[in-house]
Amino acid sequence: MRFRHPDGSTVHLAYCTNVHPAETLDGVLAQLRDHCEPVRRRLGRDRLGIGLWLAKDAAHALVTDPSALRGLRTELDRRGLEVVTLNGFPYEGFGAEEVKYRVYRPDWADPERLDHTTALARVLAGLLPDDVTEGTVSTLPLAWRTAYDEGRAEKANAALVTLAERLDALDELTGRSIRVGLEPEPGCVVETTEDALAPLTAIAHPRIGICVDTCHLATSFEDPHTALDALTAARVPVVKSQLSAALHAEHPHLPEVRAALAAFDEPRFLHQTRTSTAAGLRGTDDLGEALHADALPDAGPWRSHFHVPLHAAPAAPLTSTLPVLEAALTRMVGGPHPLTRHLEVETYTWQALPPELRPRGRAQLADGIAAELTLARDLLTGLGLKELP
């Protein structure tokens, strides 16, 4: 979906396909048929943006076989789909029964991460629509914090410098400008937007910036305006933004609130949980840890890294951080010029919701994704953007 900003630029809205796990190119092609095109039809649109997640094997197949890349581009066109952004955070196995800490490997100190991200950039240059010259890729925020030391930090920094050089070369070769954004996430080396300032200003390259995930922003209790103002002041580009909402518990000391939260404690994904105290941010690596007695202070609200559907906040006594998303979106695209032109709804946890909230089959999932995109569209038009055909 495309929107015209009042300044005349085009803002793209997509939804991320990591909600439809696939490790191979054949699986990606099946996603387009079984999920993405049905979502487009529900929205009544001739064209729908999707943020592709390409696992290692799928990306390798595309970057090594020009005919496969042409075939994917043809299939996108045939089904009324377009790609301007990729989710390069998960490397492989995102559809496994247990993902948890595995999603942070390999990290930016490992050569596989640089190779994979380079492949994604090359693939994206070949997938961009004919009238689009800029693409974006979101990626791991350096590493999970416990696997990082000075030596690995030096390797990660060198890898990002090499990536920037490769992106420059790709632009010269293809005329397509691909930018990569570190995506701050709780528990990682770059947990907050503030954590991103030092490594990104050290690199100081316009093709390497930040991906603002509004669920992660909220989970870390960051104020959107403060965070985005700091990025602007430091001249760190907001490469893209993932529109997502976290799980919010206003009164975690109450037994009924603990019981409601326990329904979201599931074995597949890591749900880092945070609370803001007078002494600073406190947290646990997973929701189950927070629910154990005295593991996390409960005098103030808790937020958990659980991407809940944008249009359907959990029932009381829980809610979502949709207001944080709305505030961030207002700052990013509601001003005289957009801070970013690539927006991606990213609710990958539909099948991790409590059983009674999960979609039953493809049709219900497509309905839910279409409803999320409708909400995002309404927020954008409410900010003065005009939906384009």
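Residues numbered from 1 in each chain as written. Predicted model: local features only at pLDDT ≥ 70, side-chain atom pairs only at ≥ 80, totals over all residues. Heavy atoms only, no water.

We now examine the overall build of the chain. Helices and strands together make up the secondary structure of the chain, namely 12 helices and 15 strands. Relative to the 2.2 N^0.38 estimate, which gives 21 Å for 389 residues, the radius of gyration of the chain is 20 Å and therefore close to what a compact globule would have. Considered along the principal axes of its C-alpha atoms, the chain spans approximately 55 × 50 × 45 Å. If you take every contact in the chain between residues at least 6 apart in sequence, the share linking residues at least 24 apart comes to 79%. Element-wise, carbon and sulfur atoms account for 51% of the exposed surface of the chain, whose accessible area totals about 15,000 Å². Averaging the coordinates of the 39 positive side-chain charges in the chain and doing the same for the 54 negative ones gives two points 6 Å apart. (Helix = DSSP H or I, 4+ residues; strand = E, 2+ residues; numbered from the N terminus. Rg over C-alpha atoms; globule rule 2.2 N^0.38 Å. Contact = heavy atoms within 4.5 Å. Areas by Shrake-Rupley, 256 points an atom, 1.4 Å probe, with all protein chains shown as cover. Lys, Arg positive; Asp, Glu negative; His and termini not counted. Charge placed at Lys NZ, Arg CZ, Asp CG, Glu CD.)

Right, let's get into the nonpolar core. Soluble globular proteins: nonpolar side chains tend toward being buried together. In this structure, Leu 13, Tyr 15, Leu 54, Trp 108 and Leu 373 are the most contacted members of the largest nonpolar core, which totals 114 residues. In terms of residue count, the dominant contributor to this core is helix 12 (residues 362-382) (8 residues). (Core = buried A, V, L, I, M, F, W, Y, C linked by side-chain atoms within 4.5 Å. Buried < 20%, exposed > 50% of the residue type's maximum accessible area, 1.4 Å probe, protein only.)

Here the focus is helix 6 (residues 193-203). Of the positions making up helix 6, those classed as buried are Thr 193, Ala 196, Leu 200 and Ile 203. For helix 6, the angular spread of buried residues about the axis comes to 65°, placing them on one side. What points out from helix 6, more than 90 degrees from its buried face, is the exposed set Glu 194, Ala 198 and Ala 202. Looking at the buried residues of helix 6, the elements they touch are helix 5 (150-174), strand 6 (177-182), strand 7 (208-213), helix 7 (214-219) and helix 8 (224-233). Immediately beyond the C-terminal end of helix 6, within one or two residues, lies Ala 204, with a positive phi of roughly 50°. (Arc of directions from axis to C-beta.)

Moving on to the packing of aromatic side chains. In the structure shown here, the tally under the stated rule is 8 aromatic pairs. Ring plane angle 75° and centroid distance 4.9 Å describe the contact between Phe 269 and Tyr 348, whose orientation is recorded as edge-to-face. Note that Phe 269 is positioned in the loop between helix 9 (255-262) and strand 10 (273-277) and Tyr 348 in the loop between strand 14 (342-345) and helix 12, a separation of 79 residues in sequence. Like Tyr 348, Phe 269 is buried. Taken together, the aromatic side chains of Trp 53, Phe 94, Phe 269 and Tyr 348 make up a single cluster linked through ring pairs. (Phe/Tyr/Trp six-rings, centres within 6.5 Å; stacked < 30°, edge-to-face > 60°.)

Take the side chain of His 12 next. With respect to the element layout, His 12 can be found in strand 2 (residues 10-16). On the accessibility criterion, His 12 (8% relative accessible area) is buried.

As summarised here, the arrangement of the 5 strands in space is 11-10-12-9-13, forming an open sheet in which the pairing is antiparallel. At either end of the open sheet lies a strand with only one pairing partner, and these are strand 11 (280-284) and strand 13 (318-320). Across this sheet, the average inter-strand angle for adjacent strands is 30°, counted without regard to direction. Where strand 10 and strand 11 come together, 5 bridges link them in antiparallel fashion. Pairing of Thr 275 across the sheet is with Arg 282, part of strand 11. (Pairing = 2+ DSSP bridges. Axes fitted to C-alpha atoms, helices over the stretch in contact; angles between N-to-C directions.)

Turning next to the pairing of strand 12 (residues 302-308). Within strand 12, 7 of the 7 residues are buried, which leaves it mostly tucked inside the rest of the structure. Neither face of strand 12 is left uncovered, since the one carrying Trp 302, Ser 304, Phe 306 and Val 308 and the one carrying Arg 303, His 305 and His 307 both have all their residues buried. Relative to strand 12, strand 9 (residues 245-249) runs antiparallel, the two sharing 4 bridges. Among the inter-strand pairings, Leu 247 is bridged to a residue of strand 12, identified as Ser 304. Where strand 10 and strand 12 come together, 3 bridges link them in antiparallel fashion. From the neighbouring strand, Arg 274 faces strand 12, where its bridge partner is Arg 303.

This next bit is on the pattern of salt bridges. With the rule as written, the count across this model stands at 29 salt bridges. A salt bridge links Lys 100 to Asp 286; the nearest nitrogen and oxygen atoms lie 2.5 Å apart. With Lys 100 in the loop between strand 4 (81-87) and helix 4 (111-127) and Asp 286 in the loop between strand 11 and helix 10 (287-291), the pair connects residues that are 186 residues apart, well separated along the chain. On the accessibility criterion, Lys 100 (13% relative accessible area) is buried. Taken together, the shared-partner salt bridges in this structure form one network comprising Glu 37, Arg 40, Arg 41, Glu 75, Arg 78 and Arg 79. (Salt bridge = Lys/Arg side-chain N within 4 Å of Asp/Glu carboxyl O.)

Right, let's get into unusual backbone geometry. Cis rather than trans, the peptide bond between Arg 105 and Pro 106 has omega equal to -10°. Looking at where Pro 106 falls in the secondary structure, it is placed in the loop between strand 4 and helix 4. Although it is not a glycine, Lys 100 adopts a positive phi angle of roughly 45°. Even without a glycine there, the phi angle at Leu 142 is positive, about 75°. As for its placement among the helices and strands, Leu 142 is situated in the loop between strand 5 (134-139) and helix 5.

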